[in-house]
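Working through the structure, step by step
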Amino acid sequence: MQTPVRRLDRVVIRFAGDSGDGMQLTGDRFTSETAQLGNDIATLPNFPAEIRAPAGTLPGVSSFQLHFSAVDALTPGDAPDVLVAMNPAALRANLADLRRGAAIIVDTDEFTGRQLTKVGYRANPLEDGSLDGYEVHPVALTTLTLGALAETGVSKRDAARARNMFALGLLSWIYARPFASTLRFLERKFATRPELAAANVTAFRAGWNYGETTEDFTVRYEVAPAPMPPGRYRNITGNAALALGLVAAGVRSELPVFLGAYPITPASDILHELSKHKRFGVTTMQAEDEIAAVGAALGASYGGALGVTTTSGPGVALKGETISLAVALELPLVVIDVQRAGPSTGMPTKTEQADLDMALFGRHGEAPLAVIAPATPADCFAAAIEAARIALTYRTPVILLSDNYVANGSEPWLLPDVSRLPDLRVSFAREPNGPDGRFLPYLRDPQTLARPWAVPGTPGLAHRIGGLEKADGTGDISYDPANHDLMVRTRAARIASIPVPDVEVEDPDPDTRVLVLGWGSTYGPVTAACRALRRRGHAVAQAHLRHLNPLPANLGDVLARYDRVVVPEMNLGQLARVLRARYLVDVVSHTKVEGSPFTTGELENAFERVIGDA
Amino acid sequence: MMPEVALSLTARDFRSDQEVRWCPGCGDYAILAAVQGFLPELGIPRENIVFISGIGCSSRFPYYLDTYGMHSIHGRAPAIATGLCVSRPDLSVWVVTGDGDALSIGGNHLIHALRRNVNLKILMFNNRIYGLTKGQYSPTSELGKTTKSTPVGSPDTPFNPLSLALGAEASFVARTLDADRQHLQSVLRAAAAHRGSAFVEIYQNCNIFNDGAFAPLKDPDVRDDHLIRLTHGGPIRFGTDGRFCVTHPPGGFGLAVRPTAQVPPGEIVVHDESVTDPAYAFALSRLSGSDLRTTPVGVFRAVDRPCYDDTVRAQVAHATPTGPGDPTRMLTDLLDSGDTWTIG
């Protein structure tokens, strides 16, 4: 009998299990299948910092949330419609997030004495009525997987590990996903162990067939493709997009890219990805520490490469002195900070936007530099190119503030036409620029205030630079008070006068009194909340900052146009403080520091309160 | 690779227009003169030579040389130089540092540059004191040394810099003296000829805060009895008429100094800088401690092993398509990889 199909606009699924259960992989594959159907997507992986917390415990739960939609999926979704819980810990850790009536698919084999008591269940929640408000689908995932693989000859252990593929097969059936790419993926992943590839494929098919034959699932669902601009797409995480953006910056600048990095969560994936792209002339160096990583990048920039260093907050703190040197040397340098919850080690796998103060002000002396922040995972590609453009054009360090949310989240990315990416080519100094054939390393371009980039090896331009204050023009050591004042002001002016695009305001209603101004990764939930408010008849304007320093030239005018400006941030109001100081506008700071992104619902409520008060 | 051209440069060509501002009588002047006198020998155009320094008196060095130069930050010169070295094989890159810069704040970068064997020449001026900050004890100051920050004596056991470098398996390790220009230049020559990291410790007198620190090695009346001049392939003998020698002590691990008269000629150690096992050079480095009683100078070790920067560049070269690759095409293909799909 054909199972009836119901059409939905959007679905939010969360796969949850033990850290070793392969939930990230399961989520990735479901995402990939879904993307190929043309749904819009947003994802949110969530995993513990511990590689293997004790099995079956609450701290060991790893999850992957996916929102797929027939319209814009701006966020990974507030409350899952479906939870796949591989064990009691996964159920316990995630239940509170579900909307009432959500579907819960559980592996009943795991809901036994020890596994239940380990997470504090006195009674089996599948039997004690505590899940009555939900649509529970008990599936003996382990038993069914072992049964399906009984004849394949793989060990019981390997067979049990394939139960995530059984679950994926079942979900793929329920939501009618195309699975050819998953089967190809499994063949590739287990290329050296064909018996495991076959076992995982069998488990996947068994899960699919289980959906078809069991009477537990009476409905299949379809989510129509989202209207998206025509073109080639791929699903991409923020970290991968940053890495590809840096490769592209190398291609478009015709410079070798040099990445100095020290492993740190959640930035390491950029190092991993870039280390695969040596054929583009990309060099990656895993340095002995954060300081060496930025030092080597600066050394490479000095030699004429595009020097890049990638890290997270604690690493930026360590790099501070070298970044200040780069400010003094006026050399290009891209510093990528994938922010995580701090201070100190904080919560390394959780998100936060609390490094803005450090990026803007966290150096000794007057040490201004450019700061930009990508809005979404796919936007990381363009943001990396923009960071490189500013660094190369204005000979300055640029801090790019990503965060764990955009870094590990993913969305469909419309592949750009490479030949239309910004032209980042630079001209190195080749000839003396001063009187009598002298070379003046600090004689500036009147337009950009950038100094010449004269790389070692250029005849006739040998010169010395360093951290000591330099005389204007000659670059010689100078303790002259007036010169220092001039140099400090010139360095500030050089950054302040970098032209950045005006901030755009989305304001469909002529009588709007409230503006929401976000920055960085809050773009998705802020946009979703504003749209929801407008659907409910509220007037609200939205603007989003990508450039944090310098700020767009029109920002003051934009702020002045509204009675109230709300600034949502995942910190204690760092941008709000800058805006108040700079524009004397009493912005309303709405903040959250829970290690997780804003939900659309909570922002909707917060903005609605401001609209009501305005 | 490095341009090699017939050049007729002189020491004068390597003098920058900056006024040299070390204290009168500082050992750094002698080192600067020796380096300026030596650089023409390299046969490398001035623009292909780069000096990178950290912070400290010695680290002003780059300002006084008419080459490319960077006066960077405290302790980090080896890291910055590594990035330059990896990306620019056509440059001769020298690091100038001091005992505080290299061994205290920059200890980590030093050992990692050495173990990677980056093609850098590291000149460490060791005066056993902090000069620029006016007289605190350094990581090479003697135990018990009285300084501004240790009024009742230093409680720190000093580093033996060469032992440290050898512990990091430095492929080239040497020691020389500021005042002995000929010896200093011979060591620079050997360091420049070495492919890989060259670590050169230069005993340098700070006449303001630690004057006479190396007097036993400089005083013509006594120095021959303290200074062990290493010559590759030669037996290690020193003192007036070679009255002392270096030998393997029976039942011991390292090397020992004995009166030559008491040692059968066949048991005198013949210096071999090419011994692969760093244990030999390490044993040599242990002959001198803070007291300078028996101090070898010269090249302790010079062995071939792969350079980090060469290996890294080879990996990039190996991955790079031969022939005219079209970067735009390659990038388009890279972006359009993995699970992609088309809309409309």
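What counts and how
- Residues numbered from 1 in each chain as written.
- Chains lettered and ligands numbered in written order.
- Predicted model: local features only at pLDDT ≥ 70, side-chain atom pairs only at ≥ 80, totals over all residues.
- Heavy atoms only, no water.
- Pairing = 2+ DSSP bridges.
- Helix = DSSP H or I, 4+ residues; strand = E, 2+ residues; numbered from the N terminus.
- Axes fitted to C-alpha atoms, helices over the stretch in contact; angles between N-to-C directions.
- Contact = heavy atoms within 4.5 Å.
- Parallel < 35°, antiparallel > 145°, perpendicular 65-115°, else oblique.
- Left-handed = near helix turned anticlockwise from the far one by under 90°.
- Buried area = accessible area lost by both parts, 1.4 Å probe.
- Salt bridge = Lys/Arg side-chain N within 4 Å of Asp/Glu carboxyl O.
- Polar contact = N/O pair within 3.5 Å; in protein donor to acceptor, adjacent residues only side chain to side chain.
- 1 Å grid on protein atoms, 1.4 Å probe; cavity = no way out; pocket = protein on both sides within 12 Å on 5 of 7 lines; lining within 4 Å.
- Points joined across faces, edges and corners; volume = space filled by probe spheres on them.
- Nonpolar A, V, L, I, M, F, W, Y, C, P; charged D, E, K, R; others polar.
- Phe/Tyr/Trp six-rings, centres within 6.5 Å; stacked < 30°, edge-to-face > 60°.
- Lys NZ or Arg CZ within 6 Å of the ring centre and 35° of its normal.
- Domains from an automatic or database assignment.
- Buried < 20%, exposed > 50% of the residue type's maximum accessible area, 1.4 Å probe, protein only.
- UniProt positions renumbered as here; feature names shortened; annotations may be inferred.

Residues and elements named next belong to chain A. Taking strand neighbours across the sheet as the criterion, the six strands line up as β3-β4-β2-β5-β6-β7 in an open arrangement whose pairing is mixed. Because the sheet does not close on itself, it has two edges, and the strands there are β3 (40-46) and β7 (135-139). Taking the axes of each pair of neighbouring strands and ignoring which way they run, one obtains an average angle of 15 degrees across the sheet. Judged from the nine bridges that link them, strand β2 (residues 10-18) and strand β4 (residues 61-69) form a sheet pairing that is antiparallel. Among the inter-strand pairings, G17 is bridged to a residue of β4, identified as S62. Helix α6 (residues 163-174) rests against β2, β5 (82-85), β6 (103-107) and β7 of the sheet, and its axis sits at about 155 degrees to β6.

Residues and elements named next belong to chain B. It is at 9 Å that the axes of helix α2 (residues 77-87) and helix α9 (residues 308-319) come closest, and there the two elements cross at 45 degrees. Classified by the interaxial angle, the pair formed by α2 and α9 is oblique. Along this stretch, α2 crosses α9, giving a crossing that reads as right-handed. Contacts from T82, C85 and V86 of α2 reach α9 at Y308, D309, V312 and R313.

Turning to the interface of chain A and chain B, a few remarks are in order. Taken together, the contacts link 69 residues of chain A with 55 residues of chain B. In total, chain A and chain B occlude about 5300 Å² of area from one another, counting both sides; carbon and sulfur atoms represent 62% of this. Interface area lost by chain A to chain B is led by R279, E288 and R464 of chain A, which between them contribute 14%. Inspection of the region where chain A meets chain B yields five salt bridges. Salt-bridge contacts for R116 of chain B lead to E288 of chain A; the nearest nitrogen and oxygen are separated by 2.8 Å. Counting every contact that joins chain A to chain B gives 29 residue pairs in polar contact (both at pLDDT 80 or more). Contributing elements (two or more residues each) for the side of chain A that touches chain B: α1 (23-36), β9 (231-237), α9 (238-253), β11 (282-286), α11 (290-302), α12 (313-329), β16 (410-414) and β17 (464-466) of chain A. Tallying contributions element by element places α11 of chain A first for the side of chain A that touches chain B, with seven residues.

Now for empty space enclosed by the protein. A probe as big as a water molecule, rolled over the atoms, marks out the empty space that is left. Residue and element names in this part refer to chain B. Scanning the model with the defined rule gives one cavity of 30 Å³ or more in all. Estimated volume of the largest cavity: approximately 30 Å³. Around the largest cavity, the lining residues are C85, R88, P89, L91, N119, R195, D309 and R313. Classifying every residue of the lining of the largest cavity gives three nonpolar, one polar and four charged.

Let us now look at the packing of aromatic side chains. The way to describe two aromatic rings as a pair is by their centre distance and the angle between their planes. Throughout the structure, instances matching the rule amount to 20 aromatic pairs over all chains. Members of the aromatic cluster, connected to one another through ring pairs, are W22, Y29, F38, F51, F61, Y64, W94 and F125 of chain B. Sitting above the plane of the Y121 of chain A ring, R92 of chain A keeps its charged end 4.6 Å from the centroid. We note R451 of chain A situated over the ring of Y442 of chain A; from NZ or CZ to the ring centre the distance is 4.6 Å.

For the rest of this paragraph, the subject is the domain arrangement of chain B. One widely used convention gives an interface's size as the accessible area the parts lose upon coming together. All names here are of chain B. Taken domain by domain, chain B holds domain 1 (11-234 + 272-278 + 292-310) and domain 2 (235-270). Just the C-alpha atoms count here: the centres of domain 1 and domain 2 sit 28 Å apart. With ten residues of domain 1 at the contact, the number on the domain 2 side is eleven residues. Note on domain 1 versus domain 2: buried area summed over both sides is about 760 Å², and carbon and sulfur give 61% of it.

On to the pairing of strand β4 (residues 120-126) of chain B. Residues and elements named next belong to chain B. The element β4 is extensively covered by neighbouring structure, given that seven of its seven residues are classed as buried. Note that strand β3 (residues 92-98) and β4 share six bridges and pair parallel. Of the residues in β4, the one forming a bridge with V93 is L120.

Turning our eyes to something else, we now look at the pairing of strand β13 (residues 333-339) of chain A. Residues and elements named next belong to chain A. The buried fraction of β13 is high, at seven of seven residues. Burial along β13 is two-sided: L333, V335, D337 and Q339 facing one way and V334, I336 and V338 facing the other are all buried. With four bridges connecting them, strand β12 (residues 306-311) and β13 associate as parallel partners. The partner of T311 across the bridge, within β13, is D337.

This chain's UniProt record puts "domain: Thiamine pyrophosphate enzyme TPP-binding" (unreviewed entry) on residues 55-202 of chain B. Strand forms 20% of residues 55-202 of chain B and helix 32%; the C-alpha atoms that close the span are 17 Å apart.

Moving on: the pattern of salt bridges. On inspection of all chains with the given rule, the structure shows 43 salt bridges over all chains. Across the pair R7 of chain A and E222 of chain A runs a salt bridge, and its minimum N-O distance is 3.2 Å. With R7 of chain A in strand β1 (residues 5-8) and E222 of chain A in strand β8 (residues 220-223), this residue pair connects regions lying 215 residues apart in the sequence. For R7 of chain A, a relative accessible area of 58% gives the class exposed. Residue E222 of chain A is classed as partly exposed on the basis of its relative accessible area of 33%. Of the charged contacts in the structure, one is a salt bridge between E142 of chain B and K145 of chain B, with a shortest N-O distance of 3.5 Å.

We now examine the environment of R100 of chain A. Residues and elements named next belong to chain A. Examined against the element boundaries, R100 turns out to sit in the loop between α2 (88-94) and β6. Considered as a pair, R100 and Y134 are 34 residues apart in the sequence and their alpha carbons are 6.2 Å apart. Not counting the four nearest positions on each side in its chain, R100 is found in contact with G133 and Y134. One polar contact links R100 to Y134, side chain to side chain, over a distance of 3.1 Å.

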